[in-house]
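In case you want the letters, here they are:
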2 protein chains.
Amino acid sequence: MSLFGFSLKPRKKQTANAAKERLQILLAHERGSNSSGGDYLPQLQRDIIAVIRKYVEVADEEVDIRMERGDDIESLEINIEMPSKPAKAAKA
Amino acid sequence: MSLFGFSLKPRKKQTANAAKERLQILLAHERGSNSSGGDYLPQLQRDIIAVIRKYVEVADEEVDIRMERGDDIESLEINIEMPSKPAKAAKA
C-alpha cells in the first residue's frame, strides 16, 4: 500500500559526499472521499521537525521542505542534511 | 536529493476504497561516513506516530510499520489507514 508507488528499499548508492548525514521524510496524505478533515499537514510538518530536533542538531538552513497538493493526495518532503556528528541523547 | 530515488509527485490514482483516509510516512536516514550517531530511528518512529495522533485518531491496528536497514541507509515506512472522519483540532 504505497502512496508513492515505489519500494521501501532505497535504491540510492551512498552519495559521493558521504561525510554528510541525511534524513529524508516523505509524507503523503490521501483524503477519503467523504473526509472533511482539516488541513493539518503544515502543522504536522512543523511538529515532525521539532521531534527530529530531539535527536539531531539541525540548523534551519539544513532543512529543505517541499509540499505538493493534488485533488485527493497531498504530499510533503522534508530533506535534512547534517554534517555528521554524534546524535544527541534524546531529551525526555 | 532523494534517498528514495523517486519523484515527490505521487503517481498513485485514488484507490478503489476511497472512503478511507491514508497517511504514509517514509523516513530514510543515510549515515555519514564518520557519523557515530546512535540508532534513533525506532524512538523517532514512536514520536512521529505520537505527533500524528494529535491530528487524527489512529487505532494501533490501523498503523503498519516497516523498517529496512542497509549498510549506510536505514529506512522506515509508516502506513496509517483511517476510516475518514473529520480531523481532530490539534491539542496544544
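Chain A goes by Cell division topological specificity factor in an unreviewed UniProt entry, where it is assigned to Thioclava kandeliae. In its Sequence similarities (unreviewed entry) section, the UniProt entry covering chain A states "Belongs to the MinE family." Under Function (unreviewed entry), UniProt gives the following word-for-word description of chain A: "Prevents the cell division inhibition by proteins MinC and MinD at internal division sites while permitting inhibition at polar sites. This ensures cell division at the proper site by restricting the formation of a division septum at the midpoint of the long axis of the cell."

Some points on the overall build of chain A
When helices and strands are counted, chain A shows 1 helix and 3 strands. Ordering the α and β elements of chain A from the N terminus gives β-α-β-β. The buried share among the 92 residues of chain A stands at 49%. Residue pairs in contact within chain A that sit at least 24 positions apart in sequence constitute 66% of those at least 6 positions apart.

Definitions and limits used
- Residues numbered from 1 in each chain as written.
- Chains lettered and ligands numbered in written order.
- Predicted model: local features only at pLDDT ≥ 70, side-chain atom pairs only at ≥ 80, totals over all residues.
- Heavy atoms only, no water.
- UniProt positions renumbered as here; feature names shortened; annotations may be inferred.
- Helix = DSSP H or I, 4+ residues; strand = E, 2+ residues; numbered from the N terminus.
- Buried < 20%, exposed > 50% of the residue type's maximum accessible area, 1.4 Å probe, protein only.
- Contact = heavy atoms within 4.5 Å.

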